[in-house]
Amino acid sequence: MKALAILLALLPLTLCPAPLMADWTRTGLEFHEQTPPPDPVVDRTRVATQQARRCAGSSIRFGDTAAMRGGVQADWDDQTRTLAAIAAMADSYDTASEALAATEEDGATLDSLSVLTALQFGQPVSVPTEGLAGPMLADRLFWQAMTQVPSATTATWANDILPALDAAFQADPSSFQVRAWRVIAWLQAQGFQRASCPARIADFADRLLDLSEASACPLMLGHVTHGIDRALESRPETDPDATRAAWRHFGEALLATVAGAPEVASWRGAQLTRSPDPCAPLMASELQALLRPEAAR
Amino acid sequence: MMPLALIPAGAAALGTALLDDRPGAALLLSLKVGLGMALWAGLWHLGMGLLAGSGRLETLAASPAHALAVNAALAVAACLVPGLVLALTARPAPLGPVHGLAWFCGLILPLLGQGGNWPVPSLLLAALCAGLAMVLGGLAGRGR
């Protein structure tokens, strides 16, 4: 019994943590090989580049059409320009469409203007894409996607709208509206995502970084997140879909990190600890890793 | 995790003891086995600390097979003293191995499994230690 008492007295010594040894580590009562740290999921290089550029401009353009973005040159005569201006300023679809029909010009640029005018007035319109490439094709694919938005289900977002927007992005990477809607479409389609958590987080993070590539300016990214909130008709805190809310918290945290607002990013990251989404812990750890160099500054 | 695991382990040991015709002897057996398991865990921790501090592990390549060998050796070495103590203080009582298993599950099993991963070497180690725990429990309940 005396021996037992002495050995039990030594018990507190065993509670001291042991140092790590080379490739070995210990967990509880087991020694085992150290697992290597996981590869970063969010592209650290892109985040650092955008943080350094902050509010500097980029090659991304904000125009509604290829012509407005400077992707194509509309070599119109004065009469066509005047009629196009009338169509743009008209407050009724009939007036606008009559003005466009009165032009003697022909071509894809004017066709695009007709399609955009119909969409802006909520008129049903077919959006052809045959024979087009580059910025013109990007516009048509974007508008095809937008025509489906009002009545889209999660399946439509995942199977039709998101692929169309991704194709538009490939056709014209300079279009800001496509980059913005790729984020919205991903959030709308996230219920259909079946890939692993690292793959989904990497995909969503790439889309967000494509968006912030236009400018990592706090004011602009604040406008963008407000625009996303309006498209989704809720704030992340009031989103009835809890898993989508988690992704929105992550998205706003990543944009805040890029824009140099680490306290906002930390707060958003903290919301993830209460999320039921299975990818939330990995999202939170990625945000913490991204914020560590910021905290050290 | 271990404090939580003590609740079902304690309940299992207590229940097993109370089922016996001589609950007093069974409860004493359960208490001795519980203390024996705690001593085993303590000596095991001590052995890990000494091995880590000696630097000898760095000469061994970190692989699952080596890890199993090291952990099993530590477990066996650490259980010798508690086994001896329990054997020397044995009083006849039934179901000693069951008490050993219950207290093993409460005191030692939560510290195995590499934090919940449970690769094959951890499973083998847990099976070995469960067997050792039942042997220790059996030693404590052997009559003279």
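These remarks concern the structure in this document. (Residues numbered from 1 in each chain as written. Chains lettered and ligands numbered in written order. Predicted model: local features only at pLDDT ≥ 70, side-chain atom pairs only at ≥ 80, totals over all residues. Heavy atoms only, no water.)

1. Some thoughts on the overall build of chain B
Reasoning step 1: A tally of helices and strands in chain B yields five helices and zero strands.
Reasoning step 2: Moving toward the C terminus, one meets the helices and strands of chain B in the order α-α-α-α-α.
Reasoning step 3: In terms of overall size, chain B behaves like a compact globule, its C-alpha atoms giving a radius of gyration of 16 Å where 144 residues would be expected to give roughly 15 Å.
Reasoning step 4: Across the 144 residues that make up chain B, the buried fraction comes to 44%.
Reasoning step 5: Sequence-distant contacts, at least 24 apart, represent 84% of the contacts inside chain B between residues at least 6 apart. (Helix = DSSP H or I, 4+ residues; strand = E, 2+ residues; numbered from the N terminus. Rg over C-alpha atoms; globule rule 2.2 N^0.38 Å. Buried < 20%, exposed > 50% of the residue type's maximum accessible area, 1.4 Å probe, protein only. Contact = heavy atoms within 4.5 Å.)

2. Brief notes about the overall build of chain A
Reasoning step 1: Looking only at helices and strands, one finds 14 helices and two strands in chain A.
Reasoning step 2: Within the structure as shown, chain A displays about 14800 Å² of accessible surface, and the carbon and sulfur contribution to it stands at 57%. (Areas by Shrake-Rupley, 256 points an atom, 1.4 Å probe, with all protein chains shown as cover.)

3. A word on the state of the cysteines
Simply put, the disulfide is a covalent bond whose two ends are the sulfur atoms of two cysteines.
Reasoning step 1: Counted under the stated rule, the structure contains two disulfides over all chains.
Reasoning step 2: Each sulfur of the disulfide joining A:Cys55 and A:Cys217 lies 2.0 Å from the other. Residues A:Cys55 and A:Cys217 share a disulfide whose torsion about the S-S bond is about 95°; that sign makes it right-handed. Here A:Cys217 lies in the loop between α10 (197-212) and α11 (218-232) and A:Cys55 lies in the loop between α2 (44-53) and α3 (66-69), a separation of 162 residues in the sequence.
Reasoning step 3: The residue that forms a disulfide with A:Cys197 is A:Cys279, at a sulfur-sulfur distance of 2.0 Å. Because the sign of the S-S torsion sets the handedness, a value of about -80° for the bond joining A:Cys197 and A:Cys279 places this disulfide among the left-handed ones. Placement of the pair is A:Cys197 in helix α10 and A:Cys279 in the loop between α13 (262-272) and α14 (280-296), with a sequence separation of 82 residues.
Reasoning step 4: Bonded cysteines in chain A are paired 1-3, 2-4 when counted in the order they occur along the chain.
Reasoning step 5: Here B:Cys79 stays unpaired: no disulfide links it, and the sulfur of B:Cys129, its closest cysteine neighbor, is 8.2 Å away. (Disulfide = S-S within 2.5 Å.)

4. Points about the packing of α2(A) against helix α12 (residues 242-258) of chain A
Residues and elements named next belong to chain A.
Reasoning step 1: The geometry of α2 relative to α12 is characterised by a closest axis approach of 8 Å and an angle of 50° between their N-to-C directions. In this view, α2 runs oblique relative to α12, as classed from their interaxial angle. Side by side, α2 and α12 meet where Val47, Gln50 and Gln51 of the first sit next to Leu254, Thr257 and Val258 of the second.
Reasoning step 2: Taken together, the residues that form the contact of α2 with α12 break down as three nonpolar, three polar and no charged. (Axes fitted to C-alpha atoms, helices over the stretch in contact; angles between N-to-C directions. Parallel < 35°, antiparallel > 145°, perpendicular 65-115°, else oblique. Nonpolar A, V, L, I, M, F, W, Y, C, P; charged D, E, K, R; others polar.)

5. Describing the environment of A:Ile184
Reasoning step 1: Among the secondary structure elements, A:Ile184 is positioned in helix α9 (residues 176-189).
Reasoning step 2: Filtering out sequence-adjacent residues up to four positions away, A:Ile184 remains in contact with A:Ile228, A:Ala231 and A:Leu232.

6. Side note on the side chain of A:Glu252
All names here are of chain A.
Reasoning step 1: Mapped onto the secondary structure, Glu252 falls in helix α12.
Reasoning step 2: Its relative accessible area of 14% is what places Glu252 among the buried residues.
Reasoning step 3: At 3.1 Å, the side chain of Glu252 and the side chain of Arg268 are in polar contact.
Reasoning step 4: Sequence-distant contacts of Glu252, that is, excluding residues within four places in its chain, are made with Thr225, Asp229, Arg235, Pro236 and Arg268. (Polar contact = N/O pair within 3.5 Å; in protein donor to acceptor, adjacent residues only side chain to side chain.)

7. Side note on the packing of aromatic side chains
Two aromatic rings, taken as a pair, are described by how far apart their centres are and by the angle between their planes.
All names here are of chain A.
Reasoning step 1: The full count for this structure, using the stated rule, is seven aromatic pairs over all chains.
Reasoning step 2: Taken together, a centroid distance of 4.6 Å and an interplanar angle of 40° make the contact between Phe62 and Phe176 tilted. With a gap of 114 residues between them, Phe62 in the loop between α2 and α3 and Phe176 in helix α9 connect regions that are remote in the sequence.
Reasoning step 3: Consider the rings of Trp186 and Trp247, whose centres lie 4.9 Å apart with planes at 65°: the pair is edge-to-face. (Phe/Tyr/Trp six-rings, centres within 6.5 Å; stacked < 30°, edge-to-face > 60°.)

8. What about the packing of helix α4 (residues 78-89) of chain A against helix α5 (residues 93-101) of chain A?
Residue and element names in this part refer to chain A.
Reasoning step 1: As a packed pair, α4 and α5 sit with axes 8 Å apart at the nearest point and diverge in direction by 165°. With respect to each other, α4 and α5 are oriented roughly antiparallel. The handedness of the crossing between α4 and α5 is left-handed. Contact residues: Leu83, Ala84, Ile86 and Ala87 in α4; Ala96, Ala99 and Leu100 in α5. (Left-handed = near helix turned anticlockwise from the far one by under 90°.)

9. Observations concerning the interface of chain A and chain B
Reasoning step 1: The partner chain B presents 33 residues to the 19 residues of chain A that form the contact.
Reasoning step 2: Surface buried jointly by chain A and chain B totals about 2400 Å² across both partners, of which 75% is contributed by carbon and sulfur atoms.
Reasoning step 3: The largest contributions to the chain A side of the interface with chain B come from A:Trp24, A:Leu29 and A:Phe31, which together make up 34% of the buried area.
Reasoning step 4: On inspection of chain A and its partner chain B, the count reaches zero salt bridges.
Reasoning step 5: Scanning the region where chain A abuts chain B turns up seven residue pairs in polar contact (both at pLDDT 80 or more).
Reasoning step 6: Elements with a minimum of two residues in the side of chain A that touches chain B: α1 (2-9), β1 (24-27) and β2 (30-33) of chain A.
Reasoning step 7: Among the elements that make up the side of chain A that touches chain B, the one with the highest residue count is β2(A) (four residues).
Reasoning step 8: In the side of chain A that touches chain B, the residues fall into eleven nonpolar, four polar and four charged. (Buried area = accessible area lost by both parts, 1.4 Å probe. Salt bridge = Lys/Arg side-chain N within 4 Å of Asp/Glu carboxyl O.)

10. Section: the nonpolar core
Reasoning step 1: Within the largest apolar cluster, 65 residues are counted, with the highest numbers of intra-cluster contacts made by A:Val42 and A:Phe250.
Reasoning step 2: A total of nine residues in this core trace back to one element, the largest contributor, which is α9(A).
Reasoning step 3: Core analysis: the second largest hydrophobic core is formed by 38 residues, B:Met48, B:Val70, B:Ala75 and B:Ala140 among them. (Core = buried A, V, L, I, M, F, W, Y, C linked by side-chain atoms within 4.5 Å.)

11. Digging into the pairing of β1(A)
Residue and element names in this part refer to chain A.
Reasoning step 1: Pairing analysis gives four bridges linking β1 to β2, with the strands arranged antiparallel. In the sheet register, Arg26 faces β2, and the bridge partner there is Phe31.
Reasoning step 2: Remark: two residues form the turn of the hairpin made by β1 and β2, two consecutive strands paired antiparallel; Gly28 in that turn has positive phi of roughly 65°. (Pairing = 2+ DSSP bridges.)

Remember that the coordinates give geometry; whether it matters functionally is a separate question.
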